[in-house]
Amino acid sequence: MSSASVPVAAPLVRRKPPWSVRRRRFLIGVANHSLLIVAAALFLAPFVFITLTALMTNNQALSPQLWPRPFQWNNFVDVFHQAPLLRWALNTTMYAGLATLGLLLSSIPVAYALARLRWRGREAVFLVVLIALMLPPQVSVVPIYVLWAKLHLVGTLWPLIIPNWLGDAFTIFLLRQFFLTIPEEYLDAARVDGCGEFRILTTVVLRLAKPAIAAVALFSILYTFNDFFLPLLYVGENPHNWVASIGLSEFRSVHQVQWNLTMAATLIVMAPVIVLFFLAQRAFVEGVTLTGVKG
Amino acid sequence: MKRGAMFLTVLALVFAAGAGGVKFQGSAEASAQATTITVWLPFGGRELGVMKRTIAEYDNKNSNVKIKVAGDISTTKIVAAIRAGNAPDLAMDFESANIGTYCSSGAWSDLGPYLKKDKVDVNIFPSAARYYTQYKGKRCAMPLLADVAGLYYNKKMFKAAGLTRPPRTISELTAYAKKLTKRNKDGSLKVVGFDPFIGWYTNSNDRFIGMFGGKWVDSKGKSILAKDPAWAKMLRWQKSLVDWYGHNKLVKFHAGEGDEYSSSNGFESGKLAMNLDGEWRVAFIAAEKPGLAYGTAPLPVDDAKPGLYGSSALNGSIAGIPKNAKHKDQAWALLKYLTTQDHPLAQLSNGLRNVPTTKSSLASPEIKPDKHFSVFLKIYAHPKSSTVPITAAGVQYQDLFTSFVTKWQAGHAKDLAGGLKKVDKQIDAQLKQAGGGVP
Amino acid sequence: MSLVSPMAEAGAASVAPAFDRRRAKKKAAWRRRRIVLAFMSPWILGFSIFFGYPLVMSAYLSLTHYDLLSPARWVGLGNYRYLFGTDSQVWPAVRNTLWMIGVFVPLNVLFAFGIALMLARARTGSGFFRTAFYLPALAPPVAATLGFVYLLNPATGPVNSALEYIGIEGPLWFNSPTWSKPSLVLLGLWGVGSVMIIFLAAVLDVPRHLYESAELDGCGPLRRLRWVTLPSISPVILFAVVIGVIQGLQYFTQAYVAGNIAQGEASQAGDTSGLNLGYPEDSTLFYPVLLYQHGFRYFNMGYASAMAMLLLAVAFAVTLVIILNSRRFVHYQGAVR
């Protein structure tokens, strides 16, 4: 709002609104805050209950009692004796690590080609990439399983890892959106300098895209950590190769579900992700902006 | 460039971890003289230990073979492994009805040539065991221990209620159950006299219908759940008892129950006065609650069919050699030993309290006498004890029926006759789709 | 076909003589095509093997009876006849999946939007609240499901104990056919944080001047919400709806784990013969779960492929409907500016 030379009544100044309006706004603010507190309490309550149960004895966990008496801190140690959590952790790390690595290596060139190389049919291919996103995995799962079975790889984690080395639709989509925001001038300057497209990708683009790549890597790690259906299919019958999600769903002592230990194991499985979140908050936020707001 | 080198080092480390950690299932042991064969068993815990000890005896006697035993194996695991080419050499399955799928799909090898070569006479097995180890003339499994169901009852509770002997008919069972049931102040169940809920613990369709003498299929192999009146009678009785307890009250009772095979089993911890259970429970009680004052008896039967008393639905464990097993001959040698010799069968029977599956082992002097267990041996030998039909769809058709029954007992399926007719149609269609009904 | 911007190309072209220019252009074009192919090759390979091939193969297998143990047996339309005619579990499964999508997606969007609005308004402690709402979304699905099954245990769980304390008899939650799906919805809503964060970013991004001019025009808070906020964040709403629908069509993990554990059948690890997928009474039998059951528990890979074809058709139809309708409701920032 610029003050024009045309005479107007008076420039609009933010005067303090009348007491009634201020009071109403204050009350709304209080109501808002109270609602938030209640909602936050409800959202955090399950964590509290799970933690309390994790500290109970088994008999107490089966009873309606809510407060552990006594506190069984050793449950967290017992869990490791009960189930090969370290083995699961190793398998999960391997799956997450190799999958994310392959995903980045294969998706970055594709996203770049779809964003900053000009060629006929580019937009059509991008549409096809998007369509692949919509496909429920159950549609293609049977023939792919047959393929891996014939290759004798069922029971291992390779059927989960290898597809990530051939591009991932979601990652390609996100990276392409980001690459579109890189100004053309940077790339042209490099091209005029005689850089081939590959060198442009590795030197100019990668350096600029670090936050996007971090966000995408984070998403991939989260996704592989949470993946259940595909691991169930491929390594469900081979406990040696179980990842954390499968292991947790099958967590039983010899013949029964010990709820206190199961909740302790649940907490242990949740912990790495939560720690990762607190360490990498910025990358999380970056990833969020990449996905939704840019439509 | 320093960053590049670091990147490559990390890459190399990840790959090294990967190569080390991810193993291909079925990698052969580098053993100089003995061949190693893998055996997959559905047992776990204490029971697995019993199996392992018997197998170890064989292992020690035979130096040319080394046996690796894995437990807690389910049907799905076996099937998945065979499909993936990582099959064990010998596999065992609790569910004899699966023989239809194993045989018709060729998943388990035809044992005919082996039987002929070693001149094994299949008549050493009782007729039921002979029936559920073959499909359409092909024998792809050997029976390895059988299961029957009976009634366990808490003697202390019986005495307190003034009952002197176990119930023999359905009406007696119902009356006893109501008498022995105790409720809490808020109406929830404290002690259940007899739990009629199908799908809980060992309560299964085949065992319940065994009490009423019903048949699953007719001579042509068509499903007769609607035609055979025993089914409607059984379902109506069962539902009336469920309603007496209160369906939701039973669900809540189950939710607070200990797991079936744990030491907090409902019968063992005194929450059930009577319980339908298999003969294996004798061993569990001996191991977990030796002080429990209980008795065993045959299951009560339909008042109108007293001749059924003393029989039960039969089930058996089957063992076979997957079609892509790597050491079939050695597997067969072990299989023959376990399933045809009196000594291992008696040993397993003693340890697991399962029924041994050859006519001679049933009478073996090695079997430790036990008044609770001997009841089950008699039940197994009863001429009216029978097993479920074997089809190419394995246990699938039973799942269809269970799906209907769970709705029925909850009161969500009002038309019993119509519902049964529909299930019949579905079972017939399913069997046709699977490529073969009852032979 | 040029990879380089016209300016740079013009600069380079003006140097060489005409004939060599044409040859150089042809060579450059070839090099460019090779580069594009090289860059796109991982995706081309991946797409053919893991998208194109399975679709064709699924269509073929759906016409056979195949159990991966013996060769595929041709049955023509037999699987489809069973699917549409006799299978008693398919239509409950379809209904369950559609129910989940129809109930959960709107609730999820509503909750995410509502909480985002509240958070946008709050000045103090917004960081803490943001974390509180987002943390559950980080919980791995299996862990969260196990937690909820335990919490909602009708006999011993804390929720029913608390309800009993205030005199209400709690429902049977995961053990009741009427309450099992709502329990799953509750579980899903516990994870609303991930969508909520996106809504929050969008709400905070709405240009202030739009609100101010609306206020000047005399719009109250509700009308401002309807005419300023909603249109501005409509791309995010579309995004959330599309993601929700896609996830609904694949909904497997939570239903599978919850049904397993709530049954209480802990006889063997992974033992399936007694297991009743869709416990209780087929109420948690969703389409992907049924597909898994047929393809990987029974021996019916052919039939599972037929089910997959149906799923593909439905996914395609639903996506089409959403995309076609989105033009009517979604306003992109570009148009406004």
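The rules behind these values
- Residues numbered from 1 in each chain as written.
- Chains lettered and ligands numbered in written order.
- Predicted model: local features only at pLDDT ≥ 70, side-chain atom pairs only at ≥ 80, totals over all residues.
- Heavy atoms only, no water.
- Helix = DSSP H or I, 4+ residues; strand = E, 2+ residues; numbered from the N terminus.
- Buried < 20%, exposed > 50% of the residue type's maximum accessible area, 1.4 Å probe, protein only.
- Contact = heavy atoms within 4.5 Å.
- Areas by Shrake-Rupley, 256 points an atom, 1.4 Å probe, with all protein chains shown as cover.
- pLDDT = per-residue confidence, 0-100.
- Buried area = accessible area lost by both parts, 1.4 Å probe.
- Salt bridge = Lys/Arg side-chain N within 4 Å of Asp/Glu carboxyl O.
- Polar contact = N/O pair within 3.5 Å; in protein donor to acceptor, adjacent residues only side chain to side chain.
- Nonpolar A, V, L, I, M, F, W, Y, C, P; charged D, E, K, R; others polar.
- Core = buried A, V, L, I, M, F, W, Y, C linked by side-chain atoms within 4.5 Å.
- Disulfide = S-S within 2.5 Å.

1. Notes on the overall build of chain C
So, point 1. For chain C, the helix and strand inventory stands at 16 helices and two strands.
So, point 2. Taken across its 337 residues, chain C has 55% of its residues classed as buried.
So, point 3. If you take every contact in chain C between residues at least 6 apart in sequence, the share linking residues at least 24 apart comes to 68%.
So, point 4. Roughly 15,200 Å² of accessible area belongs to chain C as shown, and the carbon and sulfur atoms make up 66% of that amount.

2. Brief notes about the confidence of the model for chain C
Residues and elements named next belong to chain C.
So, point 1. Mean pLDDT for chain C: 83, with 88% of residues reaching 70 or above.
So, point 2. When pLDDT is averaged over each element of chain C, helix 8 (residues 180–190) comes out on top at 95 and helix 16 (residues 333–336) at the bottom at 42.
So, point 3. Between residues 266–274, whose pLDDT stays under 50, and residues either more than four places distant or in other chains, the model counts 25 contacts.
So, point 4. pLDDT under 50 marks residues 333–337. Its contacts with residues more than four places away, or in other chains, come to two contacts.

3. Some remarks on unusual backbone geometry
So, point 1. In this chain, Tyr279 of chain C is followed by Pro280 of chain C through a cis amide linkage whose omega measures -10 degrees.
So, point 2. By secondary structure assignment, the location of Pro280 of chain C is in the loop between helix 13 (253–263) and helix 14 (287–296).
So, point 3. The backbone of Tyr201 of chain B sits at a positive phi, close to 45 degrees, despite the residue not being glycine.
So, point 4. In this structure, Tyr201 of chain B sits in the loop between strand 8 (189–194) and helix 9 (205–210).

4. Brief notes about the interface of chain A and chain C
So, point 1. Facing 96 residues of chain A, the contacting portion of chain C comprises 99 residues.
So, point 2. Interface of chain A and chain C: buried area, both sides summed, is about 8,500 Å²; carbon and sulfur atoms make up 79% of it.
So, point 3. The tally of links from chain A across to chain C stands at zero salt bridges.
So, point 4. Linking chain A to chain C there are five residue pairs in polar contact (both at pLDDT 80 or more).
So, point 5. Split by residue class, the side of chain A that touches chain C holds 69 nonpolar, 17 polar and ten charged.

5. Structural notes on the nonpolar core
So, point 1. One finds Tyr145 of chain A together with Phe133, Leu184, Phe199, Tyr287 and Tyr292 of chain C to be the most contacted residues of the largest nonpolar core, which totals 155 residues.
So, point 2. With 14 residues, helix 4 (residues 90–121) of chain C is the largest single contributor of residues to this core.
So, point 3. Setting aside residues no more than four positions away along its own chain, Phe199 of chain C makes contact with Val109, Ala112, Phe113, Ala116, Ile233, Val236, Ile237 and Ala240 of chain C.
So, point 4. Ranked by size, the runner-up nonpolar core spans 135 residues in total, among them Met51, Val65, Phe194 and Val375 of chain B.

6. Some points on the interface of chain C and chain B
So, point 1. Each side of the interface is counted separately: chain C has 42 residues, and chain B has 41 residues.
So, point 2. Surface buried jointly by chain C and chain B totals about 3,500 Å² across both partners, of which 51% is contributed by carbon and sulfur atoms.
So, point 3. If you look at where chain C meets chain B, you find one salt bridge.
So, point 4. As a salt-bridge pair, Asp282 of chain C and Lys407 of chain B come within 3.3 Å of each other at their nearest N and O atoms.

7. A closer look at the state of the cysteines
Residues and elements named next belong to chain B.
So, point 1. One pass over the full model with this rule turns up one disulfide over all chains.
So, point 2. The disulfide that involves Cys103 links it to Cys140, with 1.5 Å between the sulfurs. Because the sign of the S-S torsion sets the handedness, a value of about 120 degrees for the bond joining Cys103 and Cys140 places this disulfide among the right-handed ones. Of the two residues, Cys103 sits in helix 4 (residues 99–104) while Cys140 sits in the loop between strand 5 (138–139) and strand 6 (142–154), which places them 37 residues apart along the sequence.
So, point 3. Looking at Cys103, the relative accessible area reads 1%, which means it is buried.
So, point 4. Taking the relative accessible area as the measure of exposure, Cys140 reaches 0% and is therefore buried.

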